[in-house]
Amino acid sequence: MKATTVKVEGELLKSIEQLKPSDQSVTSYVRETLEREVRARKLAEAAEQYDAFLAEHADEQAAEEAWMQADLDNPPDDEQDKP
């Protein structure tokens, strides 16, 4: 597995030390912060791709809109008639 070391010093280090929980190391705080940022960017990219997909596929967009209007608290009408 590849790894790297990043030097953090001065005011940035002081800021990180003030922001992180007292029971967490600077290293684990920075790692978690970077993982969260990477995950957020991947999710944003996936959302953009999904929006582009919906723009190109009207049937999928209509199905999503129908789903968003669905009453999830009650079964569909055809399910209510079953014994």
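Everything below is about the structure printed above this text.
For the structure given in this document, a descriptive report is provided here.

Cut-offs and rules
- Within every chain, residues take consecutive numbers counted from 1 along the sequence as written.
- Only residues with pLDDT of 70 or above have their local features reported here, since the model is predicted, and side-chain atom pairs are shown and tallied only from 80 upward, although totals for entire chains, interfaces and linings are computed over all residues.
- No hydrogens and no water enter the side-chain calculation; it runs on all heavy atoms of the structure.
- To qualify as a helix, a DSSP run of H or I must reach at least 4 residues; to qualify as a strand, a run of E must reach at least 2; elements of each kind are numbered from the N terminus.
- Based on C-alpha atoms, the radius of gyration is set beside the globule rule, defined as 2.2 Å times the residue count to the power 0.38.
- The classification of residues rests on relative accessible area computed with a 1.4 Å probe and restricted to protein chains. Under 20% of the type maximum is buried, over 50% is exposed, and intermediate values are partly exposed.
- Only the protein chains shown count as cover for residues, and all accessible areas are computed by the Shrake-Rupley method using a 1.4 Å probe.
- Counted as positive: Lys and Arg. Counted as negative: Asp and Glu. His and the chain ends are not counted at all.
- A single reference atom marks each charge: NZ on Lys, CZ on Arg, CG on Asp, CD on Glu.
- Any residue with relative accessible area above 30% and no salt bridge may belong to a patch, with like charges joined within 9 Å and the nonpolar Val, Leu, Ile, Met, Phe, Trp and Tyr side chains within 5 Å.
- Any Lys or Arg side-chain nitrogen found within 4 Å of a carboxyl oxygen on Asp or Glu counts as a salt bridge.
- Every axis corresponds to a line fitted to the C-alpha atoms, with the helix fit spanning only the stretch in contact, and the corresponding angles, defined between N-to-C directions, vary from 0 to 180 degrees.
- Just so you know how the angles are binned, under 35 degrees is roughly parallel, over 145 roughly antiparallel, 65 to 115 roughly perpendicular, and the rest oblique.
- Only heavy atoms matter for contacts: two residues are in contact if any of them lie within 4.5 Å across the pair.
- Nonpolar residues are Ala, Val, Leu, Ile, Met, Phe, Trp, Tyr, Cys and Pro. Charged residues are Asp, Glu, Lys and Arg, and all others, Gly as well, are polar.
- Only the six-membered ring of Trp is used, alongside the rings of Phe and Tyr, when aromatic pairs are assigned; centres must lie within 6.5 Å, and planes under 30 degrees apart are stacked while those over 60 apart are edge-to-face, with the rest tilted.

1. Examining the overall build of the protein chain
- Looking only at helices and strands, one finds 4 helices and 0 strands in the protein chain.
- Listed by position from the N terminus, the elements making up the protein chain come as α-α-α-α.
- Relative to its length of 83 residues, the protein chain is extended, with a C-alpha radius of gyration of 23 Å against a globular reference of 12 Å.
- Across its three principal axes, the protein chain shows a C-alpha extent of roughly 70 × 35 × 30 Å.
- Within the protein chain, the proportion of its 83 residues that are buried is 7%.
- Of the accessible surface of the protein chain, which amounts to about 7,800 Å², a share of 53% is contributed by carbon and sulfur atoms.
- Averaging the positions of the 10 positive and the 21 negative side-chain charges in the protein chain gives two centres separated by 19 Å.

2. Observations regarding a nonpolar patch on the surface
- A grouping of W67, M68 and L72 is seen on the molecular surface, where their side chains present a nonpolar patch of about 420 Å² in accessible area.
- Examined against the element boundaries, M68 turns out to sit in helix α3 (residues 58-69).
- Residue M68 is classed as exposed on the basis of its relative accessible area of 60%.

3. Topic: the packing of helix α2 (residues 26-56) against α3
- The geometry of α2 relative to α3 is characterised by a closest axis approach of 5 Å and an angle of 110° between their N-to-C directions. When the axis of α2 is compared with that of α3, the two are roughly perpendicular. Between α2, through Y50, F53, L54 and E56, and α3, the contact on the second element is made entirely by A58, E60, Q61 and E64.
- By residue class, the composition of the contact of α2 with α3 is 4 nonpolar, 1 polar and 3 charged.

4. Concerning the side chain of K20
- As for its placement among the helices and strands, K20 is situated in the loop between α1 (10-19) and α2.
- For the buried residue K20, which engages in no salt bridge, the nearest side chain bearing the opposite charge is E17, 6.9 Å off.

5. Quick notes on the packing of aromatic side chains
- Counted according to the given criterion, the structure contains 1 aromatic pair.
- When the centroid spacing of 6.4 Å and the interplanar angle of 20° are considered together, the rings of Y50 and F53 count as stacked. In this pair, Y50 and F53 both sit in helix α2, 3 residues apart, roughly one turn of the helix.
- With relative accessibility at 33%, the residue F53 sits in the partly exposed group.

6. Details of the pattern of salt bridges
- Scanning all chains against the criterion turns up 3 salt bridges.
- Here K7 ties to E9 by a salt bridge, and the two come within 3.6 Å at their closest N and O atoms.
- On the accessibility criterion, E9 (52% relative accessible area) is exposed.
- Across the pair K14 and E11 runs a salt bridge, and its minimum N-O distance is 3.6 Å. In this pair, K14 and E11 both sit in helix α1, 3 residues apart, roughly one turn of the helix.
- Among the residues examined, K14 registers a relative accessible area of 47% and is labelled partly exposed.

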